[in-house]
Amino acid sequence: MDAESLYDTIADLDTESHEEEHGRALLALAAEQWPALSSRKANAFDAETCRLVMLAAAKHDEFEALRLWRARALSRFTAVGWVEGVASILMSEAFTELSRENDFYAAGRTLDVIVPSATALAMLEEIERFTEGPGSGIELSRRSPSQASLRRLFHEKRGFLLLLAGDHQESRAAYERALAAAANERGKIKVRLGIELVDYSAALAAGGVLPSGDETRHLGGAASAAQSGDIAETATLNAGVMDSGGRALHPYEIL
């Protein structure tokens, strides 16, 4: 496949890559196509393909593949001057640090057991500088790294790390900034679901009346309609936890 055809195929598989079958198919195709990809001059399509493969590897705990494709993505983002892509790799590094501090989530991946990481937050905050200035102007699709998407992702992921740290006020403020920056329906739904996590967690911490899972369930339905099955599945799980007054809430981030 040429670079653009491979990217289109990988991007299609990525929409359902949280499912085992699709995720494994994506990783297998990437491995099969690597000889051709590696022999090409660096280009934006291959850079974004490598990033999507990296994310699929993260979803399925393929840590060696994750590290390998992250390096491949970084080299190509740098070579073509796609600075927002470089920032997306820094974001991945911050979440890798969170994973390390949690022993690769040996205790689980719910908010009641994930340990916060000040180092991960400090690493993430380095990304803010990439949201300013002229940017690269490179954008292959509405889900590829751009200054607009990076502004939303920076604030959203900062809100998540602050939520883990128990700073509910600052976390909610970060999510509100992310919502103001969200430029597509998937992004808006995901951020609003994050705000629901903050409000529920804050009520838990304060010993107040807990919100029901109704709004999270509604947003999960909207995610399903927007063909964001990964978000919809997590929202369904969280709505059930909220209805029962539980603590084992699931993040909407790829950990």
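All values reported here derive from a predicted model rather than from experimental measurement. (Residues numbered from 1 in each chain as written. Predicted model: local features only at pLDDT ≥ 70, side-chain atom pairs only at ≥ 80, totals over all residues. Heavy atoms only, no water.)

Draft legend 1. Representation of the environment of Ala-65. For Ala-65, the location among the structural elements is in helix H4 (residues 63-80). Taking C-alpha positions, Ala-65 is 23 Å from Val-83, a pair spaced 18 residues apart along the chain. (Helix = DSSP H or I, 4+ residues; strand = E, 2+ residues; numbered from the N terminus.)

Draft legend 2. Molecular detail of the packing of helix H9 (residues 185-206) against helix H11 (residues 229-243). It is the contact of H9 with H11, at a shortest axis distance of 11 Å, that shows an interaxial angle of 20 degrees. Relative to H11, the element H9 lies roughly parallel. Pair H9 / H11 crosses with left-handed handedness. Contacts between H9 and H11 involve Arg-186, Ile-189, Lys-190, Leu-193, Glu-196, Leu-197 and Tyr-200 from the first element and Asp-230, Ile-231, Ala-235, Asn-238, Val-241 and Met-242 from the second. Classifying every residue of the contact of H9 with H11 by side-chain character gives 8 nonpolar, 1 polar and 4 charged. (Axes fitted to C-alpha atoms, helices over the stretch in contact; angles between N-to-C directions. Parallel < 35°, antiparallel > 145°, perpendicular 65-115°, else oblique. Left-handed = near helix turned anticlockwise from the far one by under 90°. Contact = heavy atoms within 4.5 Å. Nonpolar A, V, L, I, M, F, W, Y, C, P; charged D, E, K, R; others polar.)

Draft legend 3. Layout of the nonpolar core. Core analysis: the biggest nonpolar cluster contains 40 residues, and Leu-98, Phe-160 and Leu-161 have the highest contact counts within it. Ranked by residues supplied to this core, first place goes to H9 with 8 residues. Discounting chain neighbours no more than four positions away, the residues touching Leu-98 are Tyr-105, Ile-114, Val-115, Pro-116, Ser-117, Ala-120, Phe-160, Leu-161, Leu-164 and Leu-255. (Core = buried A, V, L, I, M, F, W, Y, C linked by side-chain atoms within 4.5 Å. Buried < 20%, exposed > 50% of the residue type's maximum accessible area, 1.4 Å probe, protein only.)

Draft legend 4. Up close: unusual backbone geometry. Positive phi values are uncommon outside glycine, yet Asp-61 reaches one of about 55 degrees. Tracing the backbone through its elements, the reader meets Asp-61 in the loop between helix H3 (44-59) and H4. Look at Asp-61 and you get partly exposed, because its relative accessible area is 36%.

Treat this as a map of the structure, not an account of what it does.
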